[in-house]
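# Secondary and tertiary structure notes
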Amino acid sequence: MTDVVGEHPALARVRAHAASAGVPVEIRRFPAGTRTAEDAARAIGCEVARIVKSLVFLADGAAVVALCSGADRVDERRLGAVLGASHVRRATADEARAAPGYVIGGVPPFAYAPPCTVLIDERLLGLDPVWAAAGLPDAVFAIAPGDLVRLSGARCAELSLAHSSGSTTPSA
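Our subject in this report is the structure included herewith.

The rules we used
Residues numbered from 1 in each chain as written. Predicted model: local features only at pLDDT ≥ 70, side-chain atom pairs only at ≥ 80, totals over all residues. Heavy atoms only, no water. Buried < 20%, exposed > 50% of the residue type's maximum accessible area, 1.4 Å probe, protein only. Helix = DSSP H or I, 4+ residues; strand = E, 2+ residues; numbered from the N terminus. Arc of directions from axis to C-beta. Contact = heavy atoms within 4.5 Å. Pairing = 2+ DSSP bridges. Phe/Tyr/Trp six-rings, centres within 6.5 Å; stacked < 30°, edge-to-face > 60°.

## Some points on helix α2 (residues 37-44)
Within the sequence span of α2, burial applies to Ala 37, Glu 38, Ala 40, Ala 41 and Ile 44. Each buried residue of α2 sits inside an arc of 165° when the element is viewed along its axis, so together they form one side. The inward-facing, buried residues of α2 contact β2 (52-59), β6 (130-133) and β7 (139-143). Positive backbone phi, at 85°, marks Gly 45, one or two positions downstream of α2.

## Some thoughts on the pairing of β2
Burial of β2 is extensive: eight of the eight residues sit out of reach of the surface. The alternating pattern of β2 places Val 52, Ser 54, Val 56 and Leu 58 on one face and Lys 53, Leu 55, Phe 57 and Ala 59 on the opposite face, and all of these are buried. Following β2, the chain reverses through two residues before pairing antiparallel with strand β3 (residues 62-69); Asp 60 in that reversal takes a positive phi of roughly 50°. With three bridges connecting them, β2 and strand β4 (residues 88-90) associate as antiparallel partners. Following the sheet pairing, Ala 59 is matched in β4 by Val 88.

## Some thoughts on the pairing of β6
In terms of strand pairing, β6 meets β7 through four bridges, oriented antiparallel. Across the sheet, Ala 132 pairs through a bridge with Phe 141, a residue of β7. Remark: five residues form the turn of the hairpin made by β6 and β7, two consecutive strands paired antiparallel; Gly 135 in that turn has positive phi of roughly 115°.

## Some points on the packing of aromatic side chains
With the rule as written, the count across this model stands at two aromatic pairs. Where Tyr 102 meets Tyr 112, the ring centres are 6.4 Å apart and the plane angle is 70°; that geometry is what we call edge-to-face. With Tyr 102 in the loop between α4 (93-98) and β5 (117-121) and Tyr 112 in the loop between α4 and β5, the pair connects residues that are 10 residues apart, well separated along the chain. By relative accessible area, which is 2% here, Tyr 102 ends up buried.

Structure, rendered in structure tokens:
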């Protein structure tokens, strides 16, 4: 697949990564923005639970991306246990941008430079399709959970705290 003329490099990187694995993605942009799970759900017209949050953490100093439902929160203790890490914390905005190479609110679930460890909360696997950021805070794409796991190279685990049923309660 060739890049769209004038396409932002972040979008082109996401599109190319997916296409190289045989999964073309249709990236949709929303001028009002899709920076938060709630913003994305509102723009798309879906449940917030179907939004994939790509959250950057540092686990013993190494960047890790945790993918979870927009309706859920990642439990740092569970994340640490799955990784065998003694210290886990959310990355700062600068650390998040440096690690996977995207700004917060636009971090996609794959196509990172440099590569990062990716974990996916198992609860996302029961939702089809899900919507993920495409590299910018106003761009998203729909994807089947199986393709999401394959393209991200994610390891499935139970990562989230108490699960809600798709409410729009703010979460991490």
